[in-house]
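# An overview of the molecular structure
Each chain, letter by letter, is given below.
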Amino acid sequence: MAKISSDLFHLKKFKHQLAKTNSPISCFKQAISETRALLNQRFKSKANIEEIISDFTSFIDQILIEVWQQYDWENEENISLLAVGGYGRGELHPYSDIDIQILLAKNNHKKYKTNIESFLTFLWDINLEVGQSVRTINENKKQSTKDITIATALMESRTVFGNPKLHKKLILEVSKKKIWDAKKFFTAKLNEQISRHAKYDNIEYALEPNLKVSPGGLRDIQTIGWISKRHFGASDFLELVERGFLQKNEYQDLIKGRNFLWSLRYGLHMLAERGEDRLLFEHQRSLAEIFSYKDDKNSLGIEKLMKEYYRSVQTLRELNDVLLQLFDEEIVRSKEKAKILTLNARFQIHNNYIEAVHSRIFKQTPFALIEIFVLFAQDKKIEGIRASTIRLIRNSRHLIDDDFRSDIRNTSLFMELLRSPYKMVARLRQMKRYGILGNYLPEFGSIIGQMQHDLFHIYSVDDHTLQVVENMRRLSHTEAIEKYPLAAGIIKTLPKIELLYIAGLYHDIAKGRGGDHSLLGVKDAEEFCLKHHLGKWDTALVAWLVKNHLFMSSFAQRQDIQDPDVIKSFALIVGDQTRLDYLYALTVADINATNPKLWNAWRASLLRQLYQSTKRALSLGLEKVVGKSARIKDNQNQALAIINDENMSKKQAFSIWDKPSEDYFLRESPQDIARQTLAIAKHEDLDSPLILINNSTKYQSEGASKVFIYTQNSHYIFANIVNAFDRLNLNIQNARLFNTASNKALLTFMVLETNGTLIKKNSPRMEEIISLLKEYALPIEKPSKNKKHTSRQVRHFNRETETSFTNPENFPYSILEVLCSDRPGLLAKVANIFIEKNIVLHNAQITTLGENVEDVFFITNKKNKPITNKKLSDELQTLIKEKLNATLKAA
């Protein structure tokens with residue numbers, strides 16, 4: 001390694017201090033601490049990261065040498081100290097693992113056992129994270145033959161101290177001539193990368209990416225280095241430039257990207273004061289400040305930092321693609337007999353890989369930059385694009401200008417791509433990675449790497465967008481029928497599927513510009529449709545979908561979709577069945593691409609109910625929609641018919657119902673009303689609550705467990721029950737509360753397990769739930785015993801509580817919306833505030849979106865009238881904000 005500067009570490013001075021001290025451990029600790037502090041200061045001053053990393057590695061070399069020399073190593077020619085892995089490469093960060101090997105000439109472990117143990121113990125005592133092995137040359141060969149990870153680490157090894165001849169012998173024994181020839185090594189490393197990328201869904205964009213192993217991260221760069229070293233013996237990437245495998249501009253991009261990741265990793269170690277490779281939320285803000293990213297009206301400094309990260313790793317993945325493809329052609333396929341199939345005057349298939357027929361194709365016919373992806377998407381036998389052609393594409397993307405974007409050949413080709421049968425989205429992803437999609441659609445280019453600093457959106461805007469289109473494609477696959485039965489049927493009836501894809505491409509196109517992205521995106525969508533020669537009806541539909549892409553999900557979660565009048569208002573906005581079908585398909589695809597945890601059985605059932613109720617309203621004609629009173633009467637009569645079949649009279653039924661609010665017959669199904677009525681009739685222990693749990697649902701992938709509770713009413717009943725659900729780790733999706741004339745409470749809760757599934761029938765879990773609910777569903781105050789803590793990620797997003805209060809015209813309830821950060825016991829806290837202010841809760845819609853909750857409460861005053869007293873509504877909102885914000889700070 002390079003000689004270390006005396007300004008950083010003065011070796012003679014250190015040796016002098018070491019000779020005088022009675023505590024060598026303290027002396028070493030102090031040297032390490034002071035050197036780290038000096039390097040940290042250089043880092044904060046934006047010094048060259050390559051020099052910082054190199055200097056720290058050289059410093060650790062010197063520290064290890066000084067410790068090594070404290071021991072008497074008999075026959076020194078038979079032992080040496082090696083740096084392996086990242087330490088061997090010279091890539092040590094402040095708290096990186098220091099991987100070493102003590103290399104022995106022959107099997108004499110016992111001879112050095114005492115010294116080796118003391119040496120390693122000393123390193124651990126001075127707080128160095130050391131990974132170690134002790135092996136002979138033969139043992140290394142045997143282990144490397146079995147384990148490519150060991151072989152790889154030894155390829156990068158070097159002598160720190162001791163007999164350098166031992167290392168030379170070792171390298172010969174583990175060379176490609178004896179183990180892991182270049183072809184086997186390449187195949188193993190490629191499969192290793194494929195497997196690693198699969199763990200991250202092949203997506204380089206994540207909320208808290210791992211700088212080392214995420215797609216496009218440092219491991220991808222190292223993989224290229226390992227393969228080139230194994231095949232060519234190349235010691236650095238410059239040698240790949242000399243061999244023509246890497247172009248100079250690619251080399252510069254590679255080093256720039258690597259150094260950016262190095263800087264981020266160094267900063268992470270410095271902030272965490274330990275080895276940390278994940279860009280955790282708690283460090284992102286500090287890193288943004290170190291890198292001088294500032295908040296502005298359109299985005300946060302954190303979002304700017306992450307955008308640079310995402311764009312850097314995309315470039316590195318792009319280079320990784322090119323180089324691995326080149327290695328594949330050079331190492332694996334070099335002896336294959338060329339099979340050429342001509343496609344047209346511009347492209348041919350070379351051993352199942354598409355390639356340009358000559359290097360001037362894109363310059364002579366720029367439209368071929370889109371044509372190649374269309375050809376690929378229309379022929380499922382094509383396995384990929386030849387590396388030389390990928391490079392031509394990258395180097396020709398500057399040809400895409402306004403004239404190119406307006407050329408009817410290119411607009412026609414792009415529409416043809418959207419209608420292509422084979423892996424169309426994979427081709428769009430390739431176009432994005434090689435810089436074609438962002439250049440062809442500049443508005444898409446502006447969202448590449450755009451992230452939103454929350455737990456709700458787990459992908460960057462561009463990757464989310466392509467995932468939405470991917471989900472749309474998947475809805476037509478057979479396997480979608482089980483999970484998305486309604487959407488799978490609808491997708492096959494859409495008259496022009498490409499219109500759905502365009503809406504998917506443009507629904508979030510205006511994110512990051514400030515303002516309402518749904519409205520801003522309409523203009524971009526309309527311009528796309530105009531440029532691509534879509535008709536007026538098609539354009540109007542796409543624009544409407546972009547404008548309203550959040551409407552159906554929000555409506556289902558925030559409105560009382562049991563109410564016929566509410567359904568009518570939704571149907572009036574949707575207008576016709578075609579729009580409803582397209583909107584439903586877009587909504588399902590969007591939710592599943594935002595965050596996989598968002599789609600659960602309850603959300604699926606809400607959207608199905610809204611879709612089917614709206615479809616019925618549209619088919620009957622909005623003037624014929626059944627009103628609320630008629631629906632209540634109809635549900636009563638259907639329930640009485642079921643009850644009559646069980647030998648219960650109408651009089652008995654009305655006696656049990658005991659004049660509940662009319663909403664009971666509106667919001668409960670006739671089947672549930674009958675089931676609950678019969679159960680109450682059989683319930684003998686009047687002092688004990690009645691608990692019913694039912695999972696009946698037409699589709700296994702939809703619905704929630706319905707928990708019905710019949711008990712004596714009191715102010716505390718709702719707070720008690722939600723405390724119980726909290727203890728049981730059940731997530732409430734919806735709550736309805738009805739009171740009878742004799743002050744009994746009828747409560748129904750729709751709940752899911754924490755993993756989004758229904759409660760298992762006839763299980764010990766169900767018995768546990770019923771037992772605890774019986775204990776808590778009593779008319780006395782039950783103290784909360786919740787001991788759950790707010791998660792690390794959620795604590796980072798300490799959103800101040802927001803509320804809104806409305807009194808819709810001709811509506812029996814006031815509507816209170818509470819938006820805040822999620823935390824344990826939230827509903828119970830709100831319920832206790834209602835008690836304090838004499839507020840009656842009738843219905844609650846519970847929505848968790850990442851780290852946030854958006855809960856809607858339908859409430860009245862104690863006289864069951866909407867709250868029109870402004871002073872009371874203001875006091876209620878103020879109290880909720882104060883108490884919830886206080887608990888957030890405490891968490």
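Residues numbered from 1 in each chain as written. Predicted model: local features only at pLDDT ≥ 70, side-chain atom pairs only at ≥ 80, totals over all residues. Heavy atoms only, no water.

## Section: unusual backbone geometry
Even without a glycine there, the phi angle at N352 is positive, about 75°. Positive phi is not limited to glycine here, since N743 has a value of about 65°. Of the residues examined, N743 reaches a relative accessible area of 37% and is grouped as partly exposed. (Buried < 20%, exposed > 50% of the residue type's maximum accessible area, 1.4 Å probe, protein only.)

## Here's the deal with helix 6 (residues 137-146)
Listing the buried residues of helix 6 in full gives I137, N140 and S144. Around the axis of helix 6, the buried residues are gathered within 55° of arc, so they sit on the same side. Facing away from the buried side of helix 6 by more than 90 degrees, the exposed set consists of N138, K142 and K146. Structurally, helix 6 contributes buried residues whose contacts are with strand 2 (98-104), strand 3 (130-136), helix 7 (148-155) and helix 8 (164-173). (Helix = DSSP H or I, 4+ residues; strand = E, 2+ residues; numbered from the N terminus. Arc of directions from axis to C-beta. Contact = heavy atoms within 4.5 Å.)

## Things to note about the packing of aromatic side chains
The full count for this structure, using the stated rule, is 37 aromatic pairs. With a centroid separation of 5.1 Å and an interplanar angle of 40°, the aromatic rings of F414 and Y440 are classed as tilted. Here F414, found in helix 19 (residues 408-418), pairs with Y440, found in helix 21 (residues 436-440); they are 26 residues apart in sequence, far enough to count as distant. Grouping residues by exposure puts F414 and Y440 together as buried. The ring centre of W262 lies 4.0 Å from the NZ or CZ of R258, which sits over that ring. When the ring centre of F376 is taken as reference, the NZ or CZ atom of R427 above it lies at 3.7 Å. (Phe/Tyr/Trp six-rings, centres within 6.5 Å; stacked < 30°, edge-to-face > 60°. Lys NZ or Arg CZ within 6 Å of the ring centre and 35° of its normal.)

## Description of the pattern of salt bridges
Proximity of charged atoms lets side chains of opposite charge pair with each other. Taken as a whole, this structure holds 49 salt bridges when the rule is applied. A salt bridge links D672 to R675; its shortest N-O distance comes to 2.4 Å. Note that D672 and R675 are positioned in helix 36 (residues 670-682) at a spacing of three residues, about one turn of the helix. Its relative accessible area of 35% is what places R675 among the partly exposed residues. Through salt bridges with shared partners, a single network forms among E250, D253, E318, R391, R394 and R397. (Salt bridge = Lys/Arg side-chain N within 4 Å of Asp/Glu carboxyl O.)

## What about the pairing of strand 15 (residues 840-845)?
Successive residues of a regular strand alternate their side chains across the two faces of the sheet. Most of strand 15 sits out of view: six of its six residues are buried. As paired elements, strand 11 (residues 730-739) and strand 15 share three bridges and run antiparallel to each other. Paired with R736 across the strands is N843, a residue of strand 15. The sheet contact formed by strand 15 and strand 17 (residues 852-860) spans five bridges and is antiparallel. In the strand pairing of strand 17, A844 is matched with F857. (Pairing = 2+ DSSP bridges.)

## Quick word on the packing of helix 12 (residues 248-272) against helix 13 (residues 281-290)
With their axes 10 Å apart at the nearest point, helix 12 and helix 13 run at an angle of 120° to one another. Here helix 12 is positioned oblique relative to helix 13, judged by the angle of their axes. Here the hand of the crossing between helix 12 and helix 13 comes out right-handed. Contacts between helix 12 and helix 13 involve L264, G267, L268, M270, L271 and A272 from the first element and H283, S286, L287 and I290 from the second. Class assignment for the residues of the contact of helix 12 with helix 13 results in seven nonpolar, three polar and no charged. (Axes fitted to C-alpha atoms, helices over the stretch in contact; angles between N-to-C directions. Parallel < 35°, antiparallel > 145°, perpendicular 65-115°, else oblique. Left-handed = near helix turned anticlockwise from the far one by under 90°. Nonpolar A, V, L, I, M, F, W, Y, C, P; charged D, E, K, R; others polar.)

## Quick look at the sheet that holds strand 5 (residues 340-342)
Strands belonging to one sheet form pairs held by backbone hydrogen bonds; the direction of such a pair is parallel or antiparallel. The mixed open sheet is built from four strands, whose spatial order is 5-6-7-8. Across the chains shown, the open sheet's two edge strands, defined by having one partner strand only, are strand 5 and strand 8 (384-385). Sheet topology note: the strand 6 (residues 347-350)/strand 7 (residues 353-356) ladder contains four bridges and is antiparallel. Across the sheet, the residue bridging to F347 is A356, located in strand 7.

## A look at the environment of K659
Structurally, K659 is set in the loop between helix 34 (650-657) and helix 35 (663-667). With relative accessibility at 71%, the residue K659 sits in the exposed group. Considering only alpha carbons, one finds K659 and N731, 72 residues apart in sequence, at a separation of 30 Å. Here K659 is in contact with N739, T740 and A741, once residues within four sequence places are set aside.

## Some thoughts on the packing of helix 9 (residues 182-199) against helix 10 (residues 218-232)
Where helix 9 meets helix 10, the axes come as close as 9 Å, and the angle between the chain directions of the two elements is 175°. By the angle between their directions, the pair helix 9 and helix 10 is classed as roughly antiparallel. Residues A182, F185, F186, K189, E192, Q193, R196 and H197 of helix 9 touch helix 10, and the partners they reach there are R219, D220, T223, W226, I227, R230 and H231. Taken together, the residues of the contact of helix 9 with helix 10 sort by class into five nonpolar, four polar and six charged.

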